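# A structural walkthrough
For reference, the chains in residue letters:
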Amino acid sequence: MHIKLTNSMGREKQTFKPLKKGEVKIYTCGPTVYNYAHIGNLRAYIFADVLKRTFLFNDYKVKHVINITDVGHLSDDADEGEDKLEKGAKREGKTVWDIAKFYTEAFYTDMNDLNIINPNTYCKATEHIQEMIEMNKKLEKNGFTYIAEGNLYFDTSKFENYWNLIGKKQEEENQQSRVVQDKHKKNKTDFVLWFTRHKHGNHAMEWDSPWGKGFPGWHIECSAMSSKYLGEKIDIHTGGIDHVPIHHTNEIAQSECAYGHKWVNYWLHNEFLVVKDSEKMSKSTGNFLRLQTLIDKGYSPLEYRYFLLGTHYRKKIMFSYEALDGAKNSLKKLKNKIIEAKKEKSEFNKEKYDEYYNKFQESINDDLNTAQALALVWDCLNDKIGSETKLKIIDKFDEILGLELLKEEKVDIPKEVIELAEKRWKSKKNKNWEESDKLRAEIESKGFDILDSKEYYEIKKK
Ligand code: AMP
Ligand code: ZN
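Worth saying up front: this structure is predicted, and the values here are computed from it rather than measured.

What counts and how
- Residue indices follow the written sequence of each chain, beginning from 1 at its first position.
- Key to labels: chains lettered from A, ligands numbered from 1, both in the order written.
- In keeping with the model being predicted, local features are shown solely for residues with a pLDDT of at least 70 and side-chain atom pairs are shown and tallied solely at 80 or more, while totals for entire chains, interfaces and linings include all residues.
- Note: side-chain values were computed over all heavy atoms of the structure, leaving out hydrogens and water.
- We define a nonpolar core as any set of buried Ala, Val, Leu, Ile, Met, Phe, Trp, Tyr and Cys residues linked to one another through side-chain atoms lying within 4.5 Å.
- Think of it in three bands: residues with accessible area under 20% of the maximum for their type are buried, residues over 50% are exposed, and the middle band is partly exposed, with areas taken using a 1.4 Å probe on protein chains only.
- Where helices and strands are cited, they refer to DSSP runs of H or I of at least four residues and of E of at least two residues respectively, numbered from the N terminus.
- Note: domain ranges come from an automatic or database domain assignment.
- It only takes one pair of heavy atoms within 4.5 Å for two residues to be counted as in contact.
- A strand pair is defined by DSSP finding two or more bridges across the two strands.
- By convention in these notes, a residue is near a molecule or strand provided one of its non-hydrogen atoms lies within 4 Å of it.
- By the criterion applied in these results, polar contacts are pairs of N or O atoms within 3.5 Å in which, for protein atoms, one can donate a hydrogen and the other can accept it, and in which residues neighboring in sequence qualify only through two side-chain atoms.
- Note on areas: Shrake-Rupley, 1.4 Å probe, and residue coverage restricted to the protein chains presented here.
- Residue polarity follows a fixed list, in which Ala, Val, Leu, Ile, Met, Phe, Trp, Tyr, Cys and Pro are nonpolar, Asp, Glu, Lys and Arg are charged, and the others, Gly among them, are polar.
- Salt bridge, as used here: a side-chain nitrogen of Lys or Arg that lies within 4 Å of a carboxyl oxygen of Asp or Glu.
- Here a donor is any nitrogen, oxygen or sulfur atom (N, O, S) within 2.8 Å of the metal, with 3.2 Å used for Na, K and Ca; water is not among the atoms considered, so some sites may look incomplete.
- Geometry is assigned from donor-metal-donor angles: four donors are tetrahedral when every angle falls between 85 and 135 degrees, four are square planar and six octahedral when opposite donors sit over 155 degrees apart with all other angles between 65 and 115, and any other arrangement is irregular.

### Describing the nonpolar core
By size, the foremost hydrophobic cluster in this structure holds 123 residues, and its most contacted members are Phe55, Ile236, Tyr304, Phe319 and Leu401. Top contributing element to this core by residue count: helix α1 (residues 39-57), with nine residues. Lining this core are residues from two domains, each supplying at least three of them: domain 1 (4-270) and domain 2 (291-401). Other than its neighbours up to four places away in sequence, phenylalanine 55 contacts Ile3, Leu5, Phe16, Val24, Ile26, Tyr60, Val62 and Ile236. Core analysis: the second largest hydrophobic core is formed by ten residues, Val417, Ala421, Trp425 and Phe448 among them.

### Examining the pairing of strand β14 (residues 448-452)
Sheet analysis places β14 next to strand β15 (residues 457-461), joined by five bridges and oriented antiparallel. The residue of β15 that forms the bridge with isoleucine 450 is isoleucine 459. Between β14 and β15, which pair antiparallel one after the other, the connecting turn spans four residues.

### Some thoughts on the site of ligand 1
Close to ligand 1 lie 17 residues; Gly40, Gly240, Asp242, Leu273 and Lys283 are nearest. Contact between ligand 1 and aspartate 242: an oxygen atom at 2.4 Å from a side-chain N or O atom of the residue. Within the side chain of asparagine 270, one N or O atom sits 3.3 Å away from a nitrogen atom of ligand 1. Burial of ligand 1 by the surrounding chains reaches 93%, relative to a free accessible area of 490 Å². Among the elements of the structure, α1 and β10 (234-240) are those that each provide at least two residues to the shell around ligand 1. Counting residues per element, the shell around ligand 1 draws most heavily on α1, which supplies four residues. Looking at the shell around ligand 1, its residues break down into five nonpolar, nine polar and three charged.

### A few points about the pattern of salt bridges
The final tally for this structure, using the stated rule, is 25 salt bridges. Notably, a salt bridge pairs glutamate 303 with lysine 328, separated by 3.3 Å at the nearest N-O pair. Placement of glutamate 303 in helix α10 (residues 301-309) and of lysine 328 in helix α11 (residues 321-343) is noted, with a sequence separation of 25 residues between them. Looking at lysine 328, the relative accessible area reads 25%, which means it is partly exposed. One salt bridge in this structure joins lysine 415 and glutamate 419, with 3.7 Å as the shortest N-O distance.

### A few points about the coordination of the zinc ion (ligand 2)
For a metal with four donors in a tetrahedral arrangement, the ideal angle between donors is 109.5 degrees, while six donors in an octahedron ideally sit at 90 or 180 degrees. Distances from the zinc ion (ligand 2) to its protein donors, Cys29 (SG), Cys222 (SG), His247 (NE2) and Glu251 (OE), fall at 2.0 to 2.5 Å. In this structure, the zinc ion (ligand 2) is surrounded by four donor atoms whose angles at the metal cover 70 to 127 degrees, and the resulting shape is irregular. Judged by its relative accessible area of 1%, cysteine 222 is buried. In this structure histidine 247 comes out as buried when scored by relative accessible area, which is 1%.

Okay, structure coming up:
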(Lines give C-alpha, C1' and ligand atoms only; values in the text may rest on other atoms or scores of the structure.)
(Ligands and ions follow the chains in the order given, each with its own letter.)
Protein backbone atom coordinates (compact mmCIF):
# COMPACT_ATOMS: atom_id res chain seq x y z
CA MET A 1 0.00 0.00 0.00
CA HIS A 2 1.25 3.50 -0.86
CA ILE A 3 2.28 5.97 1.81
CA LYS A 4 1.26 9.55 1.16
CA LEU A 5 3.06 12.44 2.84
CA THR A 6 2.77 16.20 2.62
CA ASN A 7 6.02 17.50 1.23
CA SER A 8 6.80 21.06 2.33
CA MET A 9 8.83 21.29 -0.87
CA GLY A 10 5.93 22.06 -3.18
CA ARG A 11 3.33 21.97 -0.37
CA GLU A 12 1.36 18.99 -1.60
CA LYS A 13 0.51 15.45 -0.60
CA GLN A 14 2.71 13.08 -2.57
CA THR A 15 3.02 9.33 -2.87
CA PHE A 16 6.27 8.33 -1.22
CA LYS A 17 8.89 6.78 -3.49
CA PRO A 18 12.02 5.56 -1.70
CA LEU A 19 15.52 6.05 -3.07
CA LYS A 20 16.09 2.34 -2.51
CA LYS A 21 13.25 -0.18 -2.59
CA GLY A 22 12.06 -1.21 0.86
CA GLU A 23 14.31 1.25 2.65
CA VAL A 24 13.87 4.77 4.04
CA LYS A 25 16.47 7.19 5.35
CA ILE A 26 15.17 9.79 7.78
CA TYR A 27 17.02 12.70 9.36
CA THR A 28 15.41 14.61 12.24
CA CYS A 29 16.70 17.96 13.46
CA GLY A 30 17.35 17.41 17.13
CA PRO A 31 17.43 19.56 20.25
CA THR A 32 19.73 22.38 21.22
CA VAL A 33 20.85 21.14 24.60
CA TYR A 34 21.15 24.31 26.66
CA ASN A 35 17.92 23.72 28.58
CA TYR A 36 15.23 21.06 28.97
CA ALA A 37 13.06 20.30 25.94
CA HIS A 38 9.63 21.88 26.31
CA ILE A 39 6.48 19.95 25.52
CA GLY A 40 6.25 21.73 22.15
CA ASN A 41 9.72 20.51 21.16
CA LEU A 42 8.68 17.00 22.12
CA ARG A 43 5.85 17.15 19.60
CA ALA A 44 8.52 17.25 16.87
CA TYR A 45 9.99 13.94 18.04
CA ILE A 46 6.69 12.17 18.60
CA PHE A 47 5.77 13.14 15.05
CA ALA A 48 9.08 11.75 13.74
CA ASP A 49 8.49 8.60 15.81
CA VAL A 50 5.04 8.04 14.30
CA LEU A 51 6.51 8.60 10.84
CA LYS A 52 9.21 6.03 11.48
CA ARG A 53 6.75 3.52 12.98
CA THR A 54 4.55 3.95 9.91
CA PHE A 55 7.41 2.85 7.69
CA LEU A 56 8.19 -0.09 9.97
CA PHE A 57 4.50 -1.06 9.88
CA ASN A 58 4.74 -1.04 6.09
CA ASP A 59 7.76 -3.38 6.27
CA TYR A 60 10.38 -0.81 5.37
CA LYS A 61 13.88 -0.95 6.72
CA VAL A 62 14.36 2.39 8.49
CA LYS A 63 17.58 4.29 9.02
CA HIS A 64 16.96 7.19 11.36
CA VAL A 65 19.36 9.84 12.61
CA ILE A 66 18.76 12.56 15.21
CA ASN A 67 21.40 15.16 15.93
CA ILE A 68 22.21 16.86 19.21
CA THR A 69 23.11 20.53 18.79
CA ASP A 70 25.71 21.13 21.47
CA VAL A 71 27.59 23.98 19.81
CA GLY A 72 27.17 27.01 17.62
CA HIS A 73 23.46 27.73 17.85
CA LEU A 74 23.04 31.43 18.52
CA SER A 75 19.88 32.76 20.12
CA ASP A 76 18.87 34.15 16.73
CA ASP A 77 18.64 31.71 13.81
CA ALA A 78 20.22 34.28 11.49
CA ASP A 79 23.66 34.32 13.16
CA GLU A 80 23.03 37.02 15.73
CA GLY A 81 22.76 37.01 19.50
CA GLU A 82 24.42 34.94 22.17
CA ASP A 83 25.52 31.32 21.90
CA LYS A 84 22.75 29.28 23.53
CA LEU A 85 25.13 26.89 25.28
CA GLU A 86 27.14 29.76 26.75
CA LYS A 87 23.93 31.37 27.90
CA GLY A 88 22.97 28.14 29.68
CA ALA A 89 26.44 27.87 31.26
CA LYS A 90 26.25 31.44 32.59
CA ARG A 91 22.75 30.88 33.94
CA GLU A 92 23.77 27.80 35.90
CA GLY A 93 27.39 28.59 36.73
CA LYS A 94 28.62 25.46 34.92
CA THR A 95 30.86 24.79 31.93
CA VAL A 96 29.30 24.56 28.48
CA TRP A 97 30.34 20.92 28.35
CA ASP A 98 28.51 20.15 31.60
CA ILE A 99 25.43 21.96 30.35
CA ALA A 100 25.42 20.00 27.09
CA LYS A 101 25.92 16.67 28.88
CA PHE A 102 23.21 17.31 31.44
CA TYR A 103 20.51 18.41 28.99
CA THR A 104 21.39 15.69 26.48
CA GLU A 105 20.75 13.10 29.18
CA ALA A 106 17.50 14.86 30.14
CA PHE A 107 16.44 14.72 26.49
CA TYR A 108 17.12 10.97 26.27
CA THR A 109 15.01 10.48 29.41
CA ASP A 110 12.09 12.37 27.84
CA MET A 111 12.40 10.34 24.66
CA ASN A 112 12.33 7.05 26.60
CA ASP A 113 9.42 8.17 28.76
CA LEU A 114 7.43 9.02 25.64
CA ASN A 115 8.12 5.56 24.23
CA ILE A 116 9.96 7.01 21.24
CA ILE A 117 12.03 4.36 19.46
CA ASN A 118 15.72 5.20 19.59
CA PRO A 119 17.16 6.34 16.27
CA ASN A 120 19.93 4.23 14.75
CA THR A 121 22.22 7.13 15.52
CA TYR A 122 22.18 10.09 17.89
CA CYS A 123 25.03 12.31 16.73
CA LYS A 124 26.53 15.24 18.57
CA ALA A 125 27.74 18.31 16.73
CA THR A 126 30.87 18.60 18.90
CA GLU A 127 31.96 15.13 17.78
CA HIS A 128 31.71 16.02 14.07
CA ILE A 129 33.66 19.26 13.75
CA GLN A 130 36.08 17.72 11.24
CA GLU A 131 33.20 16.62 8.97
CA MET A 132 31.82 20.17 9.07
CA ILE A 133 35.21 21.64 8.21
CA GLU A 134 35.50 19.24 5.26
CA MET A 135 32.09 20.27 3.99
CA ASN A 136 32.94 23.96 4.32
CA LYS A 137 36.13 23.31 2.36
CA LYS A 138 34.06 21.71 -0.40
CA LEU A 139 31.78 24.74 -0.51
CA GLU A 140 34.79 27.02 -0.66
CA LYS A 141 36.29 24.97 -3.49
CA ASN A 142 32.99 25.05 -5.40
CA GLY A 143 32.93 28.85 -5.15
CA PHE A 144 29.95 29.41 -2.83
CA THR A 145 31.71 31.17 0.04
CA TYR A 146 33.45 34.40 0.95
CA ILE A 147 35.44 35.57 3.93
CA ALA A 148 34.64 38.79 5.70
CA GLU A 149 36.34 39.91 8.90
CA GLY A 150 37.78 36.43 9.32
CA ASN A 151 34.45 34.56 9.19
CA LEU A 152 33.41 32.19 6.44
CA TYR A 153 30.04 33.02 4.84
CA PHE A 154 27.78 31.19 2.39
CA ASP A 155 26.84 33.40 -0.55
CA THR A 156 23.15 32.69 -1.11
CA SER A 157 23.01 34.72 -4.34
CA LYS A 158 25.03 31.94 -5.99
CA PHE A 159 22.34 29.30 -5.37
CA GLU A 160 19.40 29.96 -7.63
CA ASN A 161 17.05 27.53 -5.86
CA TYR A 162 17.51 29.27 -2.50
CA TRP A 163 13.81 30.08 -2.06
CA ASN A 164 12.37 26.77 -3.26
CA LEU A 165 11.39 25.45 0.17
CA ILE A 166 9.74 28.60 1.41
CA GLY A 167 8.02 29.26 -1.93
CA LYS A 168 7.70 32.35 -4.08
CA LYS A 169 4.88 33.94 -2.13
CA GLN A 170 6.63 33.91 1.20
CA GLU A 171 9.94 34.80 -0.36
CA GLU A 172 8.94 38.43 -0.70
CA GLU A 173 7.61 38.63 2.85
CA ASN A 174 10.74 36.99 4.16
CA GLN A 175 13.00 39.28 2.14
CA GLN A 176 11.34 42.27 3.75
CA SER A 177 11.18 40.97 7.29
CA ARG A 178 14.73 39.66 7.66
CA VAL A 179 16.65 42.05 9.79
CA VAL A 180 20.36 41.98 9.21
CA GLN A 181 22.71 43.46 11.74
CA ASP A 182 25.86 41.98 10.27
CA LYS A 183 27.20 44.56 7.83
CA HIS A 184 29.67 42.06 6.40
CA LYS A 185 26.96 40.00 4.75
CA LYS A 186 26.77 40.56 0.99
CA ASN A 187 23.12 39.46 0.90
CA LYS A 188 20.54 39.58 3.66
CA THR A 189 20.14 35.82 3.57
CA ASP A 190 23.84 34.87 3.67
CA PHE A 191 24.86 32.85 6.68
CA VAL A 192 28.00 31.93 8.55
CA LEU A 193 29.64 28.56 7.96
CA TRP A 194 32.49 29.15 10.37
CA PHE A 195 32.78 31.77 13.10
CA THR A 196 36.15 33.03 14.28
CA ARG A 197 36.99 35.31 17.15
CA HIS A 198 36.44 38.32 14.89
CA LYS A 199 32.72 37.97 15.28
CA HIS A 200 32.23 36.57 18.72
CA GLY A 201 35.33 37.13 20.80
CA ASN A 202 36.51 34.28 22.97
CA HIS A 203 34.23 31.31 22.80
CA ALA A 204 34.25 28.46 25.30
CA MET A 205 34.21 25.81 22.56
CA GLU A 206 36.81 26.40 19.86
CA TRP A 207 38.57 24.31 17.25
CA ASP A 208 41.35 24.91 14.74
CA SER A 209 40.25 25.33 11.15
CA PRO A 210 41.62 26.64 7.83
CA TRP A 211 39.81 29.93 8.61
CA GLY A 212 41.21 30.30 12.10
CA LYS A 213 40.28 29.14 15.58
CA GLY A 214 36.54 29.17 16.07
CA PHE A 215 33.36 27.19 15.85
CA PRO A 216 30.89 26.12 13.17
CA GLY A 217 27.73 27.94 12.14
CA TRP A 218 24.62 26.15 13.29
CA HIS A 219 23.24 24.93 9.95
CA ILE A 220 26.30 23.08 8.68
CA GLU A 221 26.09 20.35 11.34
CA CYS A 222 22.90 18.81 9.93
CA SER A 223 24.27 18.64 6.40
CA ALA A 224 27.60 17.19 7.49
CA MET A 225 26.19 14.60 9.90
CA SER A 226 23.34 13.60 7.61
CA SER A 227 25.74 12.75 4.79
CA LYS A 228 28.10 10.93 7.14
CA TYR A 229 25.41 8.56 8.44
CA LEU A 230 22.88 8.45 5.61
CA GLY A 231 24.82 9.30 2.46
CA GLU A 232 24.60 12.29 0.11
CA LYS A 233 20.95 11.66 -0.80
CA ILE A 234 18.23 11.01 1.73
CA ASP A 235 14.51 10.31 1.60
CA ILE A 236 13.06 12.40 4.42
CA HIS A 237 14.14 15.30 6.59
CA THR A 238 11.92 16.37 9.50
CA GLY A 239 11.64 19.25 11.93
CA GLY A 240 9.28 21.84 13.32
CA ILE A 241 7.62 24.34 10.98
CA ASP A 242 9.83 27.16 12.30
CA HIS A 243 12.81 25.55 10.55
CA VAL A 244 11.44 26.16 7.06
CA PRO A 245 12.48 29.77 6.36
CA ILE A 246 16.05 29.74 7.70
CA HIS A 247 17.51 26.50 9.03
CA HIS A 248 16.22 24.09 6.40
CA THR A 249 16.47 26.63 3.60
CA ASN A 250 20.14 27.07 4.48
CA GLU A 251 20.71 23.33 4.93
CA ILE A 252 19.47 22.75 1.38
CA ALA A 253 21.66 25.54 -0.01
CA GLN A 254 24.87 24.27 1.55
CA SER A 255 24.21 20.55 0.89
CA GLU A 256 23.20 20.91 -2.73
CA CYS A 257 26.07 23.29 -3.46
CA ALA A 258 28.56 20.93 -1.83
CA TYR A 259 27.28 17.75 -3.56
CA GLY A 260 26.08 19.27 -6.82
CA HIS A 261 22.73 17.43 -6.76
CA LYS A 262 19.38 17.24 -5.02
CA TRP A 263 19.77 16.25 -1.40
CA VAL A 264 16.39 15.46 0.25
CA ASN A 265 13.29 14.12 -1.49
CA TYR A 266 10.64 14.84 1.17
CA TRP A 267 10.61 17.69 3.69
CA LEU A 268 8.16 17.07 6.51
CA HIS A 269 7.30 19.64 9.16
CA ASN A 270 5.14 19.49 12.26
CA GLU A 271 3.03 22.47 13.25
CA PHE A 272 3.47 24.08 16.64
CA LEU A 273 1.99 23.25 19.99
CA VAL A 274 0.81 26.49 21.53
CA VAL A 275 -0.44 27.54 24.92
CA LYS A 276 -2.69 30.48 25.61
CA ASP A 277 0.05 32.40 27.30
CA SER A 278 2.71 31.93 24.63
CA GLU A 279 5.40 33.26 26.98
CA LYS A 280 5.27 29.90 28.74
CA MET A 281 6.63 28.07 25.73
CA SER A 282 9.82 29.99 25.23
CA LYS A 283 12.80 27.74 25.84
CA SER A 284 15.16 30.70 25.91
CA THR A 285 13.38 32.44 28.80
CA GLY A 286 13.32 29.20 30.78
CA ASN A 287 9.65 29.74 31.47
CA PHE A 288 7.99 26.77 29.87
CA LEU A 289 6.22 23.48 30.38
CA ARG A 290 8.29 20.37 30.19
CA LEU A 291 7.40 16.71 30.42
CA GLN A 292 8.41 16.59 34.07
CA THR A 293 5.99 19.47 34.80
CA LEU A 294 3.18 17.25 33.54
CA ILE A 295 4.45 14.21 35.45
CA ASP A 296 4.61 16.28 38.66
CA LYS A 297 0.98 17.20 38.12
CA GLY A 298 -0.02 13.54 37.90
CA TYR A 299 -0.08 12.96 34.13
CA SER A 300 1.87 10.15 32.53
CA PRO A 301 4.07 10.76 29.46
CA LEU A 302 1.88 8.38 27.45
CA GLU A 303 -1.18 10.44 28.30
CA TYR A 304 0.63 13.38 26.73
CA ARG A 305 1.46 11.19 23.72
CA TYR A 306 -2.22 10.24 23.42
CA PHE A 307 -3.16 13.93 23.60
CA LEU A 308 -0.85 14.74 20.67
CA LEU A 309 -2.00 11.82 18.54
CA GLY A 310 -5.53 13.22 18.59
CA THR A 311 -4.48 16.07 16.27
CA HIS A 312 -2.87 15.81 12.85
CA TYR A 313 0.82 16.74 12.92
CA ARG A 314 0.29 19.51 10.37
CA LYS A 315 -2.32 21.25 12.50
CA LYS A 316 -1.61 23.60 15.38
CA ILE A 317 -2.52 22.11 18.71
CA MET A 318 -3.57 24.20 21.68
CA PHE A 319 -2.33 22.84 24.99
CA SER A 320 -4.44 23.18 28.12
CA TYR A 321 -4.78 21.07 31.24
CA GLU A 322 -8.48 20.60 30.46
CA ALA A 323 -7.57 19.10 27.09
CA LEU A 324 -4.91 16.92 28.72
CA ASP A 325 -7.49 15.75 31.28
CA GLY A 326 -9.70 14.72 28.37
CA ALA A 327 -6.86 12.66 26.91
CA LYS A 328 -6.10 11.14 30.30
CA ASN A 329 -9.68 10.03 30.79
CA SER A 330 -9.99 8.65 27.28
CA LEU A 331 -6.82 6.63 27.63
CA LYS A 332 -8.00 5.31 30.99
CA LYS A 333 -11.35 4.25 29.49
CA LEU A 334 -9.56 2.64 26.59
CA LYS A 335 -7.32 0.66 28.90
CA ASN A 336 -10.25 -0.42 31.05
CA LYS A 337 -12.01 -1.73 27.96
CA ILE A 338 -8.88 -3.66 27.09
CA ILE A 339 -8.70 -5.11 30.62
CA GLU A 340 -12.31 -6.23 30.22
CA ALA A 341 -11.58 -7.78 26.85
CA LYS A 342 -8.66 -9.70 28.34
CA LYS A 343 -11.03 -11.46 30.73
CA GLU A 344 -13.24 -12.78 27.93
CA LYS A 345 -12.55 -15.79 25.77
CA SER A 346 -13.53 -15.94 22.10
CA GLU A 347 -12.55 -17.24 18.68
CA PHE A 348 -10.18 -15.24 16.47
CA ASN A 349 -11.98 -13.72 13.47
CA LYS A 350 -9.44 -13.32 10.65
CA GLU A 351 -11.87 -11.54 8.34
CA LYS A 352 -12.63 -8.81 10.89
CA TYR A 353 -8.94 -8.53 11.77
CA ASP A 354 -8.06 -7.91 8.13
CA GLU A 355 -10.89 -5.42 7.74
CA TYR A 356 -9.62 -3.30 10.66
CA TYR A 357 -6.01 -3.75 9.67
CA ASN A 358 -6.69 -2.40 6.20
CA LYS A 359 -8.66 0.57 7.47
CA PHE A 360 -5.94 1.39 9.97
CA GLN A 361 -3.20 1.16 7.38
CA GLU A 362 -5.20 3.34 5.03
CA SER A 363 -5.56 6.04 7.71
CA ILE A 364 -1.98 6.04 8.82
CA ASN A 365 -0.59 5.82 5.29
CA ASP A 366 -2.66 8.87 4.42
CA ASP A 367 -0.20 11.46 5.72
CA LEU A 368 -0.15 9.90 9.21
CA ASN A 369 -3.76 10.42 10.14
CA THR A 370 -3.35 9.48 13.81
CA ALA A 371 -6.69 11.00 14.84
CA GLN A 372 -8.50 8.63 12.50
CA ALA A 373 -6.31 5.75 13.65
CA LEU A 374 -7.32 6.42 17.27
CA ALA A 375 -10.98 6.53 16.28
CA LEU A 376 -10.51 3.06 14.77
CA VAL A 377 -9.14 1.76 18.07
CA TRP A 378 -12.38 2.86 19.72
CA ASP A 379 -14.53 1.46 16.91
CA CYS A 380 -12.87 -1.91 17.20
CA LEU A 381 -13.23 -2.03 20.99
CA ASN A 382 -16.92 -1.16 20.74
CA ASP A 383 -17.53 -3.64 17.92
CA LYS A 384 -18.92 -7.13 18.53
CA ILE A 385 -16.00 -8.98 17.03
CA GLY A 386 -14.84 -11.01 20.03
CA SER A 387 -12.09 -10.19 22.50
CA GLU A 388 -9.40 -12.31 20.85
CA THR A 389 -9.74 -10.38 17.59
CA LYS A 390 -9.95 -7.03 19.36
CA LEU A 391 -6.77 -7.62 21.32
CA LYS A 392 -4.82 -8.79 18.26
CA ILE A 393 -5.95 -5.69 16.35
CA ILE A 394 -5.06 -3.31 19.20
CA ASP A 395 -1.69 -4.97 19.61
CA LYS A 396 -0.96 -4.38 15.92
CA PHE A 397 -2.22 -0.76 15.95
CA ASP A 398 -0.08 -0.01 18.97
CA GLU A 399 3.03 -0.67 16.90
CA ILE A 400 2.38 2.80 15.52
CA LEU A 401 0.52 4.51 18.35
CA GLY A 402 3.17 3.47 20.88
CA LEU A 403 0.75 3.81 23.80
CA GLU A 404 1.56 0.45 25.40
CA LEU A 405 -2.14 -0.34 25.31
CA LEU A 406 -1.78 -4.00 26.24
CA LYS A 407 0.83 -3.53 28.91
CA GLU A 408 -0.36 -4.32 32.41
CA GLU A 409 0.24 -1.41 34.71
CA LYS A 410 2.29 -2.41 37.69
CA VAL A 411 0.88 -0.64 40.71
CA ASP A 412 2.19 -1.12 44.18
CA ILE A 413 -0.86 -1.90 46.22
CA PRO A 414 -0.35 -1.56 49.98
CA LYS A 415 -0.93 -4.71 52.04
CA GLU A 416 -3.71 -3.09 54.04
CA VAL A 417 -5.64 -2.28 50.84
CA ILE A 418 -5.32 -5.90 49.69
CA GLU A 419 -6.61 -7.10 53.09
CA LEU A 420 -9.58 -4.70 52.92
CA ALA A 421 -10.37 -5.86 49.40
CA GLU A 422 -10.29 -9.52 50.47
CA LYS A 423 -12.58 -8.76 53.41
CA ARG A 424 -14.95 -6.89 51.09
CA TRP A 425 -15.04 -9.76 48.60
CA LYS A 426 -16.02 -12.15 51.39
CA SER A 427 -18.81 -9.89 52.68
CA LYS A 428 -20.05 -9.49 49.11
CA LYS A 429 -20.14 -13.26 48.65
CA ASN A 430 -22.09 -13.48 51.91
CA LYS A 431 -24.47 -10.79 50.58
CA ASN A 432 -23.52 -8.50 53.43
CA TRP A 433 -24.02 -5.41 51.29
CA GLU A 434 -23.74 -2.84 54.02
CA GLU A 435 -20.35 -4.01 55.17
CA SER A 436 -19.12 -4.47 51.64
CA ASP A 437 -20.08 -0.85 50.78
CA LYS A 438 -18.35 0.43 53.88
CA LEU A 439 -15.18 -1.45 52.96
CA ARG A 440 -15.31 -0.12 49.41
CA ALA A 441 -15.51 3.44 50.76
CA GLU A 442 -12.50 2.76 52.96
CA ILE A 443 -10.52 1.41 50.02
CA GLU A 444 -11.48 4.45 47.94
CA SER A 445 -10.37 6.81 50.70
CA LYS A 446 -6.91 5.23 50.34
CA GLY A 447 -6.78 6.15 46.63
CA PHE A 448 -7.84 2.83 45.07
CA ASP A 449 -10.88 1.58 43.15
CA ILE A 450 -12.41 -1.87 43.07
CA LEU A 451 -13.59 -3.26 39.74
CA ASP A 452 -15.81 -6.31 40.17
CA SER A 453 -16.32 -9.09 37.69
CA LYS A 454 -18.35 -12.30 38.11
CA GLU A 455 -15.40 -14.38 39.26
CA TYR A 456 -13.27 -11.95 41.18
CA TYR A 457 -12.32 -8.31 41.68
CA GLU A 458 -9.49 -6.07 40.60
CA ILE A 459 -7.80 -3.31 42.57
CA LYS A 460 -6.96 -0.20 40.53
CA LYS A 461 -5.18 2.99 41.46
CA LYS A 462 -7.51 5.95 41.07
P1 AMP B 1 15.23 23.31 19.45
O2 AMP B 1 15.69 22.46 20.59
O3 AMP B 1 14.84 24.68 19.86
O4 AMP B 1 16.24 23.31 18.33
O5 AMP B 1 13.90 22.66 18.87
C6 AMP B 1 13.71 21.29 18.71
C7 AMP B 1 12.56 20.99 17.77
O8 AMP B 1 11.30 21.46 18.29
C9 AMP B 1 12.67 21.63 16.39
O10 AMP B 1 12.28 20.69 15.41
C11 AMP B 1 11.68 22.79 16.45
O12 AMP B 1 11.23 23.12 15.17
C13 AMP B 1 10.58 22.17 17.29
N14 AMP B 1 9.71 23.12 18.02
C15 AMP B 1 10.07 24.24 18.68
N16 AMP B 1 9.00 24.80 19.30
C17 AMP B 1 7.93 24.01 19.03
C18 AMP B 1 6.54 24.04 19.38
N19 AMP B 1 6.03 24.98 20.18
N20 AMP B 1 5.73 23.06 18.90
C21 AMP B 1 6.22 22.07 18.11
N22 AMP B 1 7.51 21.98 17.75
C23 AMP B 1 8.38 22.93 18.19
ZN1 ZN C 1 18.90 20.73 11.47
